[in-house]
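# Fold and contact review
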Amino acid sequence: MKKSFSIISTALIFTIFASFYVLTSVFEFVYDEILFAAGSLETKNYSAEDFALKDFVLLENGSIVSTSVDPQLIVYNYNKPCTMISLKFSVNKYQGEVNLYYTKGQEEFTTAQKIWGKAKNDGTYEFIMPRGNLTNIRIDPANFSGVEFKLESAVFNPQRSFLSYFKYSGEEIFMFFAAAILLSCLSKSIYENFYDNLHGLCVKFIIKKKAK
Amino acid sequence: MVAFIQTGICFLAVCLFCIFLIKKLNVPSGLAPLAVLSCTLLYFTLAGCLGILSFSVWIYFALAIGCGVISLVFKGKSSNALLSPAFLLFLISSVGLLCLLAARKPFFNEWDDFSLWGTAAKMTVETNTLFPAVESGFPWAVSQKPGLIIMAYFFNFFGEFAPWRLFFSYDIIMLAAFAAVCSCVTFKKWQTAVLLYAVCSFIPFINVYTRMIYFTSPYLTGYADIPMGILMGGGFAFYYSATQSKHKGNLFWLCAIMGAITLCKDTGMPIALLCAAVISMDIFINCKGNELVFYKAVKGLWAKLAFCGSIILAVGVSYFGYSKFLGSLGVATATLGGEGNMSAAELVINGLLMLFGLNPLASGVPFVEKFSLVFRNMTNAFFTKEITILGTGLSVFGFAICILIIAYALSADKLHRRRIALFGSVGLLSFIPYYLFIGFTYVFIFKGEQGINLIDYNRYVGCYYAALIIGAIVLLCLSAIKEQRFISLKGGVAMLVCGLALPCAEMIISTISLGRKIPTFDDLKIPFALFCLIMITILLGYYKKASAFVCLLLAFEALMLFNYLMPSHLCIVDYPDVIFDDINILQSNADSMNKSIGKKSKIFYISCEDYTGGNWFKYHYALYPSILDYSYGGGDIADRQALGLQNNVTLDVSIGQFAAYLYKSSNEYLFIDSLDVNFVNSYQALFQGEITTGLYKINKKPDASIYEQEASGTQQSRLPNSIAYSDYVWCMDNPEQFLNFTLVDKGANIK
C-alpha cells in the first residue's frame, strides 16, 4: 500500500484536474447556450461608427485611418458578458500587432488584462473573452500610423463551436501541471506523516497492552 | 519536425554518455547530465580551437554510440542506478522543452542576440569554424568566450541553424544544473526532488523585477549571463551532492564544470574562481583528505591541496588556452579594451589602490573621479535598486540566508551544519570580490555615462544571485533528506514559526527596502487558499517532516511570486507568436534576397531610419552567409554640402565618396532598407530610374580614377577606432560613368 499510494494518488489528482478542466468547458458551453436562448447574449456586428475612436480618422467611405502608433477602437460601458469577439478587416499596408484589452470595472487598461490577437488562415482575429461582465473593451488593431482599415466585420458573441471551448491557453496548461504536481507532492507528504504517526501510535498501544 | 528529430539526435548522444557515466563510472545519475554537458562544452571548444569542428562532431557521435553499447551490453551497475528522480526530471523536462520549442519556434528578440550571441552561433554553424576566425562585416567582440555558442553549434549540427535550437542548448545546461541540485533524493522522497526542481526552474526569472509590457526572455535568449550563473550554482550543487556519494572520485568532474563556467562568458573567469574558492574552502575545513581518491599515495593535506589545485588549474587552463587561440588569430588579448584599455591585472591593481584611497598607477589616474561616482552608485544600487523578482540585492541575500538558516536548523548532521555555516559565510562574502570586479569594469571598461549609470547592472549581478540561491537550495535539499533534528512536537512548532518567518521576512525586506507595492488580496487569492490548506495539514499532524514542509512552502512562494510578477503571456509559458512577427518578416526578406543573390557575397546596407544601428545588426544576422558591409555604421546618409542642408545628417558623404567606397570595396550588392528624400536627391545619378527600397546589383566599369580627399568630420563619427580612422577618404569624379545600380529584388515586405 505504501509504495503504490503515491502512484495512485498522483494519477487520481491528475484525473480529477483533467476532468475538472473538461467539465468546466462543458459547463461554459451549456451556460452560453442558455444565455443565448434566454437572449442575454446576442450576436452583434459593430461597424466603425459604433466604436469610440482614438487616434483614428473616419473617412467618408467608412474606412478608418490611424493617426498615431497606438490607435484604439473602444467600447465603453459594455457591462455585459461576452464570449468571443471576431474581427476581420483589410488594410492598405502592414498593420503590426492586433491586441485586445478589457476591464472588469472602471479601472485603467493594463497588460494584465490583455489578449493577443492571432490571425487565422482567412485573416480573421478571434479573441476568446474571459467569463463575467466586461466593463470596457478596447481593440488595438495597429501599431503604425497611416494604416487604412476597411472593417469588414467586428462581431461580438459570434457562434462558437463546441470544440473551441476545449482550446486551453498555455497559461491554463501551465497552471494545470503546476497545481496538479504541487498537490501530488502535498498528498504524498501528508500520507507519509499520517502513516508514520498512526503506525507509531499503534505500536505504542500494542506494547502498552502487552505490558499489562 | 525534421529539425526536432535532428536536435533530438544530439540530445540522444548526450543521454548515451550520461548512461555510460552512471553505469560504468559510478557517477550518481542526477549529476551525470551536468558532467556530460560540461565535458561536451570543453571538448567542442578544444575542437574549435584546433579547427576540426565538424570532424569532432562525428567523433563525438561515434564515442556516444560506443559508450552506449558498452554500458548496455557489458555488465556494469544495475539499471536501477539509472533511475533517480533527478535524472528522470531532467529527461522529462528536456524532452518537454524540446517539444515546446520545436512547436513554437521562438526567435531572437534582444539586441545582443543579434550583435553577438546569435550571429556568432550562426557563423559557427554555417562555416564549421569557431566564430573569431570567421569573416564578419564589422569589428566586433571576437574576444568573447565561445562555450555556450559552441553548444549551440553542436545542437544545430544537422540541418539549418534555428534560434530555438540555440535556446534548447542553453536551457538543457540549466536543467542539468537543476537536476544536480536534487540528485541526492531517492524515490522514497520524490516529492522533495520535484518541489525543489520546480523552485529551481523559476530561478532564470530572477532578473525579472516587475510586471512588464514587453516580452521577457528567460529560457528564450542567447545571453550567457543567466546560464553562467546557474552553471556556477550547478558547480555548488555538484560538489555538495558528490560529497554525499561513496565515490569521492566523482569530485574530479568539477574540473570540467569549472572549465565550462570559465568559457561561458567574459566574466566567467572571476565567477569560476570564486566558485572554486568556496569549494576549496569547504574541502579544507569539512573533508577528510583520505577520502579524496586522488592517487593512493597522496593523502591528507596533500590530497586536498592537489584537488583544489586541479580545479583552479582547470580554470586557468581553459582561460589561458582560449586566450592563446585568440592570440594565434591576431586578436589582442593582453588588454581588455574599452575606455581604459588596460590588462586584467592592471585593472584589478588600479581598482584596489583606488578602493583603499591610494594613488593609482599612471594608467588609472584619469579615472579617479569616475571611480568614486561609480562606487557610490554601486553601493546604492545594492540596497535600493529593485532588480530581481525578489526585490533588491539585499532581499536576495535575505532570502538566501533564510533558506540557509532553515537548512541549518533542520539538520542533525554536524558535518552538514558546518558546511551550511561555511557556505553562509564564505559563499555570501565572495560576492564582495565579484561586486568589486563588476565595479572596476564599470570604471575602466565602460565608456563615460554607460559606466556611471551602471548599464545592464541587473544582468551582470543577477547571475551571481542565481548561483547563491541555487547553492542555498542544494543545502536545504540535503538537510531535507538527511537525519532530521526535530522529531518532537516542540521542534515542529519551532519549525513552523521558522518556516512562516521565511515569506514574512521576505515580504518585509522587500517592502521596506523599496516600498514595493504590497500585493493585494485579489492577486493572492489562490496562493492564499493553498497556503491555508498547508496550515491545516500541519495542524493535523504534519510536524514531524518539517523539511518537506519547507520545500512545499518554498515551491508555493516561487509559484506565487511568479504568478504575481510574471504575466504568462509575456514569457515562455504562453507568449504570442505576434511578438516575433517583425523579425520573421525581416528574416523572410533576407531569405528572398539571399535566394536572388544565389551565392555568398558582400552587401552594402542603407537604412535612413535606422539611427541606432539595430536593423543593421538584424540584417547582418539574417543575411548571413552573405556578409553585410559595415556601411559607415548605418543611419541617414546624404550629401549635405551639395543639397545645402542646414540640419545634421548622421553620415555626410558626397556622391563621389560614396561611389569610390563602393568601387574600391568588395561589395557586390547594395541593399536599401528604407530611404528618405535627402538620399534620393543626393545619389539619384547612380540609379537607373526611380529609387525604391530593395536589393541592387553594383555594376562597375573599369578605369575609374580614384584619389584621396580630406574627410569632413561627421562622416567619421560613427566609425569605431579599430576600423582605421583616417583623415582621408577615397573619392572619384563623374561617378555615374563608372558605377551604377540595377534592381535585383524588390523584397516582398521591405518597408
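As shown above, the structure is provided for reference.
Keep in mind that what you see is a predicted model, and the values were worked out from it rather than measured. One numbering rule holds for all chains: residues counted from 1, following each sequence as written. Written order decides the labels, with chains lettered from A and ligands numbered from 1. Per-residue local features are limited, in this predicted model, to residues with pLDDT of at least 70; the limit for side-chain atom pairs, both in listing and counting, is 80 or more; totals at the level of whole chains, interfaces and linings are taken over all residues. Think of the side-chain values as coming from all heavy atoms in the structure, minus any hydrogens and water.

A tally of regular secondary structure across chain A gives two helices and 13 strands. Projected onto its principal axes, the C-alpha coordinates of chain A cover approximately 100 × 40 × 35 Å. Remark: exposure states derive from per-residue accessible area (1.4 Å probe, protein chains only) relative to the maximum for the residue type, with buried under 20%, exposed over 50%, and partly exposed in between. Going through the 212 residues of chain A one by one, you find that 42% of them count as buried. Surface accessibility in these figures is a Shrake-Rupley result with a 1.4 Å probe; residues are shielded only by whichever protein chains are displayed. By element, 62% of the accessible surface of chain A is carried by carbon and sulfur atoms, the whole surface being about 11800 Å². The sign given to each residue is positive for Lys and Arg and negative for Asp and Glu; His and the chain ends receive no count. Charge positions are represented by NZ for Lys, CZ for Arg, CG for Asp and CD for Glu. Within chain A, the 21 negative side-chain charges are centred at a point lying 19 Å from the centre of the 22 positive side-chain charges. Secondary structure elements follow DSSP: runs of H or I no shorter than four residues count as helices, runs of E no shorter than two count as strands, and numbering proceeds from the N terminus.

Residue and element names in this part refer to chain A. In this scheme, strands are said to pair when DSSP sees at least two bridges between them. Read across the sheet, five strands follow the order S2-S5-S12-S8-S9 without closing on themselves; strand pairing throughout is antiparallel. Two strands close off the open sheet at either side, each with one partner strand: strand S2 (52-54) and strand S9 (114-116). In this sheet, adjacent strand axes meet at a mean angle of 20 degrees when their direction is disregarded. All axes are obtained by fitting lines to C-alpha atoms, using only the stretch in contact for helices, and the reported angles, taken between N-to-C directions, cover 0 to 180 degrees.

Attention shifts here to the packing of helix H13 (residues 344-355) of chain B against helix H17 (residues 431-444) of chain B. Residues and elements named next belong to chain B. The interhelical angle for the contact between H13 and H17, taken along N-to-C directions, is 100 degrees, at an axis separation of 10 Å. Here H13 lies roughly perpendicular to H17, going by the angle between them. Contacts between H13 and H17 pair Leu347, Val348, Asn350, Gly351, Leu352, Met354 and Leu355 from the former with Leu436, Phe437, Phe440 and Phe444 from the latter. Split by residue class, the contact of H13 with H17 holds nine nonpolar, two polar and no charged. Roughly parallel covers angles under 35 degrees, roughly antiparallel covers those over 145, roughly perpendicular covers 65 to 115, and oblique covers all other angles. By the convention used here, residues are in contact when the closest approach between their heavy atoms is within 4.5 Å. The classification used treats Ala, Val, Leu, Ile, Met, Phe, Trp, Tyr, Cys and Pro as nonpolar, Asp, Glu, Lys and Arg as charged, and all other residues, Gly among them, as polar.

All names here are of chain B. Definition of nonpolar core: a set of buried residues of the types Ala, Val, Leu, Ile, Met, Phe, Trp, Tyr and Cys, connected through side-chain atoms within 4.5 Å. Membership of the largest hydrophobic core comes to 236 residues, with the highest contact counts inside it found for Leu254, Met258, Ile261 and Tyr457. The dominant element in this core, judged by the number of residues it contributes, is helix H19 (residues 457-481), at 19 residues. Non-local contacts of Ile261, meaning those with residues more than four positions away in its chain, are made with Met228, Leu231, Met232, Gly268, Ile271, Ala272 and Cys275.

Counting buried residues in helix H26 (residues 655-664) of chain B gives eight out of 10 residues, a clear majority hidden from the surface. What H26(B) keeps buried is the set Ile655(B), Gly656(B), Gln657(B), Phe658(B), Ala659(B), Ala660(B), Leu662(B) and Tyr663(B).

Turning our eyes to something else, we now look at the sheet that holds strand S6 (residues 694-700) of chain B. All names here are of chain B. With mixed pairing, the five strands of this open sheet are ordered in space as S2-S1-S5-S6-S9. Strands at the two margins of the open sheet, each flanked by one partner only, are strand S2 (627-628) and strand S9 (739-745). Contacting strand S1 (602-607), strand S5 (669-674), S6 and S9, helix H23 (residues 581-597) runs over the sheet at an angle of about 115 degrees to S9.

It is worth spelling out the pattern of salt bridges at this point. Residue and element names in this part refer to chain B. Salt bridge, as applied in this entry: a Lys or Arg side-chain nitrogen positioned within 4 Å of an Asp or Glu carboxyl oxygen. Throughout the structure, instances matching the rule amount to 12 salt bridges over all chains. Note that Arg459 is salt-bridged to Asp225, the shortest N-O span being 2.8 Å. You can see Arg459 sitting in helix H19 and its partner Asp225 sitting in helix H9 (residues 225-242), a full 234 residues away along the chain. We classify Asp225 as buried; its relative accessible area is 2%. It is possible to trace a salt-bridge network through shared partners that takes in Asp112, Asp225, Lys265, Asp456 and Arg459.

In the segment running from Tyr624(B) into Pro625(B), the intervening peptide bond is cis, with an omega of 20 degrees. Within the element layout of this structure, Pro625(B) appears in the loop between helix H24 (614-623) and S2. One non-glycine residue with positive phi stands out, namely Asn157(A), at about 55 degrees. When you line up the elements, Asn157(A) lands in the loop between strand S13 (148-156) and helix H2 (170-211). Phi at Asn26(B) takes a positive value of approximately 60 degrees, unusual for a residue other than glycine. For Asn26(B), the location among the structural elements is in the loop between helix H1 (2-24) and helix H2 (32-50). Of the residues examined, Asn26(B) reaches a relative accessible area of 23% and is grouped as partly exposed.

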